[in-house]
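Chains, contacts and geometry: an overview
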Amino acid sequence: MGAPMRGFFARAVVGVVVCVIALAPRDARAEDHDAFARVVVDAAEIRSGPGVSYRIVYSAHRGETLAIDGRPGTGFWLRVILPDGRAAYALGDEVQVFDVRPGEPDGPSRPGIFASPPLEGAVGGLALVGGIMSTPLVDGTTRAFGYLEARPSIVLHRSVTLDGFLGTALTSFGAQYLYGGGLSVNFAPSWPVCPFLGIGGGGLSSRPNADSFVLAREDLGLARAGGGVLMALRGRILVRLEATNLSLFGADDLRNAQTYSGGFGVYF
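Before going into details, it helps to say that this report is about the structure given with it.

Calculation criteria
Residues numbered from 1 in each chain as written. Predicted model: local features only at pLDDT ≥ 70, side-chain atom pairs only at ≥ 80, totals over all residues. Heavy atoms only, no water. Core = buried A, V, L, I, M, F, W, Y, C linked by side-chain atoms within 4.5 Å. Buried < 20%, exposed > 50% of the residue type's maximum accessible area, 1.4 Å probe, protein only. Helix = DSSP H or I, 4+ residues; strand = E, 2+ residues; numbered from the N terminus. Contact = heavy atoms within 4.5 Å. Pairing = 2+ DSSP bridges. Axes fitted to C-alpha atoms, helices over the stretch in contact; angles between N-to-C directions. Salt bridge = Lys/Arg side-chain N within 4 Å of Asp/Glu carboxyl O. Phe/Tyr/Trp six-rings, centres within 6.5 Å; stacked < 30°, edge-to-face > 60°. Lys NZ or Arg CZ within 6 Å of the ring centre and 35° of its normal. Patch = residues over 30% accessible without salt bridge, like charges linked within 9 Å, V, L, I, M, F, W, Y side chains within 5 Å. Areas by Shrake-Rupley, 256 points an atom, 1.4 Å probe, with all protein chains shown as cover.

Our focus in this paragraph is the nonpolar core. Residues Ile46, Leu66, Val80, Leu82 and Val95 are the most contacted members of the largest nonpolar core, which totals 16 residues. When residues of this core are traced back to their parent elements, those giving at least two are strand 1 (34–39), strand 2 (43–47), strand 3 (56–61), strand 4 (65–72), strand 5 (77–81), strand 6 (87–91) and strand 7 (95–100). Ignoring any residue separated from it by four or fewer positions in sequence, one finds Val80 in contact with Ile46, Leu66, Ala67, Ile68, Asp69, Arg86, Ala87, Ala88, Tyr89 and Ala90. Ranked by size, the runner-up nonpolar core spans 15 residues in total, among them Met133, Phe165, Leu204 and Leu215.

What follows is the structure in structure tokens.
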């Protein structure tokens, strides 16, 4: 039997196995087995659609297992679930389909609610957070205001990102704007809950209302340091929780403010 004929039969076997798994009653599949695909080449290019014209969204290495979505792709492409919960397509020639019964020791599992933070292969991200900003005022008191912030990121490495920030305090006394940038270090980028620390600098501008005696019109420099955790959900969505200290300084002034925030982000 020639090589082209052997390749044809190999593709046909993969297609039959996947079709049988996909068309089996859902209850029966849940009781009997779960379908996975094991990579059998050095590196398999996983794509956003069933064809080589679609962009590569993930590179799977030999021995890595991916859950099959339960529906066959077009032709010899299999629809699989990536570790971060996204659906993508693998070429049937590059994987081996196999079954795992419930409770099987050391068997692979499908991604749950949480997934590994999608920093591997990402080039940028954006987080929108909200919370509280505690800041000293000109009358000597310290007050807490609502706070909103946007944080765009450039991913240098899955452990290091360059971050910008643009925030505003929600106060009836006027407007306070924070702006600047910095660097974050992710200590466990492969964990579903990833702690991080960040440092940065920028400025704070206060623009009080005409009748306000609480805020003063001023432009201050700031140094920022803090940390928090990233909790990765399916679909490359992150929950970001963070606390930071802001050292505000002018020509003859030095004071500290704090932010406590949480929100959602995504890497792409």
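Below, the discussion takes up the sheet that holds strand 11 (residues 174–186). Taken in spatial order, the 8 strands line up as 8-9-10-11-12-13-14-15 and close into a barrel, and their pairing is antiparallel. Mean inter-strand twist for the sheet, computed between neighbouring axes without regard to direction, equals 25 degrees. Note: strand 8 (residues 124–136) against strand 15 (residues 254–267), 10 bridges, orientation antiparallel. In the strand pairing of strand 15, Met133 is matched with Thr259.

Once that is clear, we can look at the pairing of strand 5. The buried fraction of strand 5 is high, at 4 of 5 residues. Across 5 bridges, strand 5 lies against strand 6 in antiparallel orientation. Bridging across to strand 6, Leu78 finds its partner in Ala90. Counting the residues that bridge the hairpin from strand 5 to strand 6 gives 5 residues, and of these Gly85 lies at a positive phi of roughly 95 degrees.

Looking at the element boundaries, Glu120 is found in the loop between strand 7 and strand 8. Residues Glu120 and His157, 37 residues apart in the sequence, show an inter-C-alpha distance of 7.7 Å.

Attention now moves to the pattern of salt bridges. Counted under the stated rule, the structure contains 11 salt bridges. Ionic pairing is found between Arg151 and Glu242, a salt bridge with its closest N-O pair at 3.9 Å. Pair noted here: Arg151 is in strand 9 (residues 142–157) and Glu242 is in strand 14 (residues 237–249), with a separation of 91 residues, a long-range link. Residue classification places Arg151 among the buried positions, given a relative accessible area of 6%. Between Asp219 and Arg207 there is a salt bridge whose closest N-O contact spans 3.1 Å. You can see Asp219 sitting in strand 13 (residues 218–233) and its partner Arg207 sitting in strand 12 (residues 193–208), a full 12 residues away along the chain. Through salt bridges that share partners, Glu149, Arg151, Asp163, Arg224, Arg240 and Glu242 make up one connected network.

Under the defined criterion, the tally for this structure stands at 2 aromatic pairs. Summarising the aromatic geometry, the rings of Phe145 and Phe173 are spaced 6.2 Å apart at their centres and angled 75 degrees between planes, so their arrangement reads as edge-to-face. Of the two residues, Phe145 sits in strand 9 while Phe173 sits in the loop between strand 10 (160–171) and strand 11, which places them 28 residues apart along the sequence. Classification of Phe145 by relative accessible area gives buried; the value is 9%. The ring of Phe98 is capped by Arg38, whose NZ or CZ atom sits 4.1 Å from the centre of that ring.

Judged by side-chain polarity, Val123, Leu126, Leu128, Val266 and Phe268 come together as a nonpolar surface patch covering roughly 480 Å² of accessible area. Its location among the elements puts Val123 in the loop between strand 7 and strand 8.

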